[in-house]
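Remarks on the overall topology
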Amino acid sequence: MNMQKLMKQMQQAQVKQGEMQDKLEALVVTGSAGGGMVTVTCNGTGKVSALKIDRVVVDPEDVEALEDLILVAIQDAQVRASEAQQVEMNKLMSGMGGMPGMR
């Protein structure tokens, strides 16, 4: 394979990776717990941007339950973000089918 062609393909891959990163940062995913009583919003990279808690689950006598709901909602949102990352990575890798070692 010609070195110039390989360099061009590598540059294209870098551009596509940057586009993928931008797309993930703009993507909004939501995780929830307790039937939607706690929701967490994050972007496709997993950065949390919002947290909503229904007043019904705020019980000063049972703070641990609220903590658990928040944790589960965050984990749910992060799983969704991770799934979105995998989808985008698969798209990126399938577009590199012509590059050696990228199949």
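Above this note sits the structure.
Rules behind the numbers
- Residues numbered from 1 in each chain as written.
- Predicted model: local features only at pLDDT ≥ 70, side-chain atom pairs only at ≥ 80, totals over all residues.
- Heavy atoms only, no water.
- Core = buried A, V, L, I, M, F, W, Y, C linked by side-chain atoms within 4.5 Å.
- Buried < 20%, exposed > 50% of the residue type's maximum accessible area, 1.4 Å probe, protein only.
- Helix = DSSP H or I, 4+ residues; strand = E, 2+ residues; numbered from the N terminus.
- Pairing = 2+ DSSP bridges.
- Axes fitted to C-alpha atoms, helices over the stretch in contact; angles between N-to-C directions.
- Contact = heavy atoms within 4.5 Å.
- Parallel < 35°, antiparallel > 145°, perpendicular 65-115°, else oblique.
- Left-handed = near helix turned anticlockwise from the far one by under 90°.

So, about the nonpolar core. Formed by Val29, Ala33, Val38, Val40, Cys42, Val57, Leu66, Leu69, Ala73, Ala77 and Ala81, the largest nonpolar core amounts to 11 residues. Within the residue set of this core, elements represented by two or more residues are strand 1 (28-33), strand 2 (38-43) and helix 2 (63-94). Per-element accounting of this core gives the leading share, five residues, to helix 2.

Our focus in this paragraph is the sheet that holds strand 3 (residues 48-53). Judged by pairing direction, the sheet is antiparallel, and its three strands sit side by side in the order 1-2-3 without closing on themselves. The strands lining the two open edges of the sheet, one partner per strand, are strand 1 and strand 3. Sheet twist, expressed as the average angle between the axes of neighbouring strands with direction ignored, equals 15°. Packed on one face of the sheet, helix 2 meets strand 1, strand 2 and strand 3 and runs near 145° to strand 1.

Before going further, it helps to examine the environment of Gly18. Topologically, Gly18 is positioned in helix 1 (residues 3-26). The partly exposed category is assigned to Gly18, whose relative accessible area is 31%. Separated by 67 residues in sequence, Gly18 and Gln85 place their C-alpha atoms 13 Å apart.

A separate point is the packing of helix 1 against helix 2. Direction vectors running N to C along helix 1 and helix 2 enclose 160°, while the axes themselves pass 10 Å from each other. By the angle between their directions, the pair helix 1 and helix 2 is classed as roughly antiparallel. Both helix 1 and helix 2 take part in a crossing whose hand is right-handed. Facing Ala13, Lys16, Gln17, Met20, Lys23 and Leu24 of helix 1, the residues of helix 2 in contact are Ala84, Gln85, Glu88, Met89, Lys91 and Leu92.

Turning to the side chain of Asn43, a few remarks are in order. Along the chain, the position of Asn43 falls in strand 2. Contacts of Asn43, omitting those with residues within four sequence positions, involve Leu24, Glu25, Leu27, Val29 and Ala81.

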